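Observations on chain architecture
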Amino acid sequence: MKARRCEGVSRRDSLMLGLGGLLAGGLTGALRATASEGVIAPKPHQADACILIWMDGGPSHYETFDPKPEAPAEIRGQFGPIATQTPGIQFSQCLPRLASISNDLAVVRSIRHNQGNHGAGNHYMMTGAPPRIPVGCGAFVSFHPSLGSVVSKEVGAPEGIPAYFSMPSMSRSGGPNFLGARHAPFVVPDDPNRSSFRVRDVTIPNGLTEGRFESRQAIRAQVDRLMRITDAAAGDPVVAGDEFFAQSMQLISSPQAQAAFDIHQEPGDVRNAYGRNPFGQRALLARRLVSAGVPFVTLYHGGWDDHRNLFNAYEKKMPPFESTIAALIEDLKSQGMLERTLVIALGEFGRTPKINKDVGRDHWSNAMSVMFAGGGTPGGQVVGATDRQGYAAVERVLAPENFVSTVYRKLGIDPNKMVHTPEGRPVHLVSNASPIDEIMG
Amino acid sequence: MPSMSRFVAICVSLLLGCWLGPVTEAAKVSFELDVLPVLTAHGCNAGACHGKQRGQNGFQLSLLAFDPDFDFHSLVRESRGRRLFPASPSDSLLLRKATGQVPHGGGQQIEIGSSDYETLLNWIAQAAPRRIEGEPLLQAVVLDTTDFSLKPSEKNSLRVTAQYDDGSTRDVTRLATYLSNEASVVSVDPAGEMTAGPLPGETAVMARYMNHICVANVSIPQPNTLPTTRYSELPRSNFIDDHVYAKLQKLSLLPSDPIDDATFLRRIYTDVIGRLPSPEEAREFFNATEADKRANLVERLLDRPEYADHWAGYWADLLRPNPYRVGIKAVLNYDNWIREQFRDNVSYDVMVRKLITAKGSTWHNGAATLYRDRRSPDEVATMVSQLFLGVRLECAKCHHHPFERWSQQDFYQFAAHFAKVGRKGTGLSPPISGGEEIVFTSTSGTVSHPLTGEKMSPKPLFGEHVGEADDPRYDLANWITSEENDYFAQVQVNRVWGILMGRGIVEPVDDLRSTNPPTNPKLLDALAAEFRDSGYDLKELIRTITLSRTYSHSSLPNETNASDRVNYSRHYRHRLRAEVLMDAVADVTEVATNMQAMPPESRASQVWTHRVDSMFLDTFGRPNENQDPPCERTPDATVTQSLHLMNSPEIDSRIRSDQGRAARLAASEMTAAQIIEETYLAIFSRIPTTPESDYGIELLESAENRRTAIEDLMWAMMNSPEFTIQN
């Protein structure tokens, strides 16, 4: 039952230290303390943050980054290709805005895997680990920590701001698994496009003075006597709760964090550029969070499982969607942030070559396209290729492991790193630590 | 692979060699024994390739070769036989694709000239027979040893034997595929060699050969064994303790200490009636001196009205439909029906029978809403099998279940029980769906096998029906609830055990299958037998579990059991359920929660639809009915929960309400000491220790405003884990 942490300080001790600091100096004192600790030494990595646009359900590679104009009609579909800013590269006509900034984009057309169900595909792409047991389509599974959770643990954020945000909900396998609930995403479910938008519960209730809030904290430190089980293998939820409490305290006492949440500070033309819709404003909020030091933001965008009426659906949803992504990349660039911010867009797999009887495409993990921008990614390039009809990745065939390792390397995390489950079992972050060299640059 | 084809070759050439002429120069190749295993070994019929429901590129195989007839048809007959070319076998599309000579989505899988290539080539050259003469049928696959006890990092090998209908057996260890349920505990390689991980633990390892499965249970006990007296001298209350302690002994784990009265009081109140004890109830229990006061308390709680609301809530999670889909009135009636079953302590088999055979108007018989919500026989079948048998049949809807014995035939025969469910009235018309619908037994209605088109007659998953009712749902209800059906009692006792003990003996609680074995099979069997013998009396089951010593283990570990999270050597702490916590906030503050569509003073445990908005319940993980399945509840703690308790203006205003507990205590004649005791009893369900009391008295007496001090103390206690976590 003894604490097993290498540092020789139990979690309980460190929590008490944290609270003690708070009591001694009050809120402002605590702020100063965290601010001085928050200085992060520069590291030899390419990106400080990643914004992951998760297209849940699996977008079609044909109608995005891998059009096949030479294929027969029942495969190429209703849309044609368009030229991009980059000579020799074509995107689907669904992506005119992204095509116009293709010199900032790199597209990988040759990632493939063997998980044709949503639950399993989500897990593989989001964690770099194949699901351990067969997983059904409807499942939300977690066998391994997700990208965002690993980044939360390895990179962290200043000012008590959660290091990993997910909006408006968590993606299916976007959880922390054995890294612990502390590295679960902070979910902001509300719609930032509303005038009343405010990130809930992150400020002291109205009518309560700061002094009184501090004295409540002091009392809590006295009355909270429940014994903690310090052995991590016991999985004590009380220990996890302590982490959340400490995190909550930091968050509400940080003006920087509070400002990051306040999307209303953005000028109207910037808000319009991102698109006055929930996804557009979430992308803008993501940029604000990244400016405040948040290293990982997932923008969850559902509804890409187009088994039927794919073309009608894309005609409707693509224009606002892709123009938000383009606006995000342009804005990051104009703010001088794109160089250190990686933007990725993908789903769990591609879609079947043959258009089915319902004018849709089904699940297809033999080929998918993944878009990268920023974070030191050489733009204006396409990596790998599928065959002439888009059935399978045939050139520079890559696996989800390579994708995940690329993200880790860019953010300065060694994908080969050994982590330990609470039971002390060793696991590599990613089983194949080779990144996609072309994306690394 | 080679070993078997050679074996078959020898048998066959011995039998037939003399008169088959030149063709027999190559070994006689069997479709089932040689060809299909090659396809399986190379993943051709895997779920991501040709094994998926619509096949791949027009070529479909049954998943993992569960259906040889289907596969034979696909390979030999379909597409006018273009896949095989016996006149020039090596030009067969099957081989050219598999070897990557023509574009193949799956790439090159088999090398030209390899033994697997030769097997396929020879089979085609021999005119691709479905069977060869004298070919035995595979009947079972067994492991030579099924229980393993390994030391950390020790290796051991599985040996798999196939048994055939001619009495012959064959070692298929090299041909079988293996899967560990928890690879970090015990890993297994493609040759069937297991390697124990570095730490104590247990898991199951599955071996599959063709459409047969067998399972090995592997444990890695603690390295130091303890003297048997450490176990024989443990006090026991009932059979539960015998089974739990036997398992602990096997793993050299010692149970944690028994808990004190205060911990028991809070645990039993939140578990049995889902609320905190009032200060008066707590004092009464602490002051009681009779030896069986815990048993008496359980008895009193089981008679409380809150019992029904609390336990109905667990079933509402499982059954409750989306009102946008079925209509708000049907949802209310359904909810009322569920609560009534628990209020009347209707025995579990009767409740299930009523649900399965529900008839009549959704405006009068709430149970009929099940059939308004689930409309096709296959939808009802998957739900009923999972809820009442713990058998997950979804897989078998589209293909043979990859980890179980269930075939598509089994699924549709089971679904056929619901073929005659008739409906009249107004069907679904989301988002209002307000109409009345009447469920009745129709004279017509059939279920067909989706591949063969054959009309299915109702048949249970195993065993036989007893009768032959007009409505096959009655036969099904009889079969499900019959004493011969072990699954029925097992899944329900496992569910209740999981609720009370923090983890099911099988997890997930409704996924009973040989490849997901219970952590303590004897305990599960004994609980199921007890439940059956009691006439499926839920209260009796709760009584038995909560009065065991095992239920009263402390959550704090001893030197042996900190890492035990599956064998009940200690109590597993968990956060209180959303509704329990929300009602606790109301009880503690003495300000009821204001909820729409509910009478004043209603409790969260009485909320009958998730359409009743509640930021609190959402934050603390009540199920989202828009999600499918809607019954997923999140038990985890999150930072948003901590922020909500801390900063929610709504909770703060109740703590500071003029009608609240703090205002009442502050205005009373009570001394500071009395107020502190009252507050501790109300929030932590215990008497404060002397230092706690001294601190509280000092806090109140030094405060300018007594009420403010009480409010702040209450806030502090409600934001402590002792309030939110069941210890």
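Residues numbered from 1 in each chain as written. Chains lettered and ligands numbered in written order. Predicted model: local features only at pLDDT ≥ 70, side-chain atom pairs only at ≥ 80, totals over all residues.

Details of the overall build of chain B
Selection criterion: The secondary structure listing takes helices from DSSP runs of H or I that are at least 4 residues long and strands from runs of E that are at least 2 residues long, numbered from the N terminus. Throughout, a residue-residue contact means that the two C-beta atoms, derived from backbone geometry, are no farther apart than 7 Å.
Along the backbone of chain B there are 31 helices and 17 strands. For chain B, the spread of C-alpha atoms along the three principal axes comes to 110 × 70 × 50 Å. Contacts in chain B between residues far apart in sequence, at least 24 positions, make up 62% of those at least 6 positions apart.

As for the sheet that holds strand β4 (residues 160–164) of chain B
Residues and elements named next belong to chain B. What counts is decided by this rule: Between any two strands, at least two bridges found by DSSP are needed for them to pair. Orientation is described by axes fitted as lines to C-alpha atoms, over the contacting stretch for helices, and by angles from 0 to 180 degrees between their N-to-C directions.
Taken in spatial order, the three strands line up as β1-β4-β5 in an open sheet, and their pairing is antiparallel. Bordering the open sheet on either side are β1 (138–143) and β5 (169–171), each of which pairs with just one other strand. Here the average twist between neighbouring strands, direction ignored, is 25°. Pairing analysis gives three bridges linking β4 to β5, with the strands arranged antiparallel. If you follow Ala162 over to β5, its bridge partner there is Arg170.

Structural notes on the domain arrangement of chain B
As a reminder of what qualifies: Domain limits in this description derive from either an automatic procedure or a database domain assignment. Each residue is assigned to one class: nonpolar for Ala, Val, Leu, Ile, Met, Phe, Trp, Tyr, Cys and Pro, charged for Asp, Glu, Lys and Arg, and polar for all the others, Gly among them.
Taken domain by domain, chain B holds domain 1 (2–125), domain 2 (138–220), domain 3 (307–482) and domain 4 (578–726). By residue class, the composition of the side of domain 1 of chain B that touches domain 3 of chain B is three nonpolar, two polar and one charged.

Digging into helix α20 (residues 486–501) of chain B
An α-helical turn contains 3.6 residues, so a residue and the one three or four places further along point in the same direction. All names here are of chain B. Quick note on the threshold: A helix is expected to reach a length of 1.5 Å times the quantity of its residues less one. Burial is judged by counting the other C-beta atoms within 10 Å of a residue's own C-beta: 20 or more makes it buried, 12 or fewer makes it exposed, and any count in between marks it as partly exposed, with every C-beta position built from the backbone.
For α20, spanning 16 residues, the distance from its first C-alpha to its last is 22 Å, which sits close to the expected 22 Å at 1.5 Å a residue. Within α20, the full set of buried residues consists of Phe488, Ala489, Gln490, Val491, Gln492, Val493, Asn494, Arg495, Val496, Trp497 and Met501. For α20, the elements touching its buried residues are α14 (348–356), α16 (377–389), α19 (472–480), α21 (521–533) and α22 (538–546). Immediately beyond the C-terminal end of α20, within one or two residues, lies Gly502, with a positive phi of roughly 85°.

Section: the interface of chain A and chain B
Contacts between the two partners involve 54 residues from chain A and, on the opposite side, 49 residues from chain B. Among the elements of the structure, β6 (186–187), α6 (210–223) and α7 (237–252) of chain A are those that each provide at least two residues to the side of chain A that touches chain B. In terms of residues, the side of chain A that touches chain B owes the most to one element, α7 of chain A, which gives nine residues. Its residues assigned to classes, the side of chain A that touches chain B shows 26 nonpolar, 17 polar and eleven charged.

Considerations on unusual backbone geometry
Of the consecutive residues Met167 of chain A and Pro168 of chain A, the connecting peptide bond is found in the cis state with omega at -5°. Looking at where Pro168 of chain A falls in the secondary structure, it is placed in the loop between β5 (164–167) and β6. Of note in this structure, Ser252 of chain B is not a glycine but carries a positive phi near 60°. Take Ser252 of chain B: it is sitting in the loop between α7 (239–251) and α8 (261–272). Positive phi, close to 60°, is recorded for Ala597 of chain B, a residue that is not glycine. Take Ala597 of chain B: it is sitting in the loop between α23 (578–589) and α24 (615–619).

Side note on the packing of α16 of chain B against helix α18 (residues 408–415) of chain B
Residue and element names in this part refer to chain B. Operational definition: Geometric relationships in this document are graded by angle, where less than 35 degrees denotes roughly parallel, more than 145 denotes roughly antiparallel, 65 to 115 denotes roughly perpendicular, and other angles denote oblique.
Running from N to C, α16 and α18 point in directions that differ by 100°, and their axes come no closer than 8 Å. Put simply, α16 runs roughly perpendicular to α18. Between α16 and α18, the contacting residues are Pro377, Asp378, Ala381 and Ser385 on the first element and Phe411, Phe414 and Ala415 on the second.

What to know about the sheet that holds strand β12 (residues 381–383) of chain A
All names here are of chain A. One open sheet holds the eight strands; their spatial order is β6-β5-β7-β1-β8-β11-β4-β12, and the pairing between them is mixed. Two strands lie at the open edges of the sheet, namely β6 and β12, each paired on one side alone. In terms of strand pairing, strand β1 (residues 49–55) meets strand β8 (residues 341–346) through six bridges, oriented parallel. Residue pairing for β8: Ile53 is matched across the bridge by Ala345.

Here we look at the pairing of β5 of chain A
Residues and elements named next belong to chain A. Every second residue of β5 is oriented toward a common face, with Tyr164 and Ser166 on one face and Phe165 and Met167 on the other, all of them buried. Strand direction decides the pairing type here: β5 and β6, joined by two bridges, are parallel. Each residue of the ladder has a partner; that of Ser166, found in β6, is Val187.

Quick look at the environment of Ser153 of chain B
Residue and element names in this part refer to chain B. Within the fold, Ser153 resides in the loop between β2 (147–149) and β3 (155–157). For Ser153, a count of 11 C-beta atoms within 10 Å corresponds to the exposed category. Each C-alpha atom of the pair Ser153 and Leu297 lies 48 Å from the other, and the pair is 144 residues apart in sequence. Apart from residues no more than four positions distant in its own chain, Ser153 is found in contact with Ala196 and Pro198.

Notes on the nonpolar core
Under the convention used in this document: Residues enter a nonpolar core if they are buried, belong to Ala, Val, Leu, Ile, Met, Phe, Trp, Tyr or Cys, and are joined to the set through C-beta atoms within 7 Å.
Grouped together as the largest cluster of nonpolar side chains are 247 residues, with contacts concentrated most on Cys50, Ile51, Val151, Val294, Ile344 and Met371 of chain A together with Met714 of chain B. Per element, the largest residue contribution to this core is ten residues, and it comes from helix α11 (residues 310–334) of chain A. Other than its neighbours up to four places away in sequence, Cys50 of chain A contacts Val151, Pro295, Phe296, Leu342, Ile344, Gly375, Val407 and Leu411 of chain A. Ranked by size, the runner-up nonpolar core spans 48 residues in total, among them Leu75, Tyr209, Ile213 and Cys214 of chain B.

Side note on the environment of Asp410 of chain B
Residues and elements named next belong to chain B. With respect to the secondary-structure elements, Asp410 resides in helix α18. Each C-alpha atom, one on Asp410 and one on Ser693, is 65 Å from the other, the two residues being 283 residues apart in sequence. Beyond its immediate sequence surroundings of up to four residues, Asp410 is in contact with Ala396 and Leu461.

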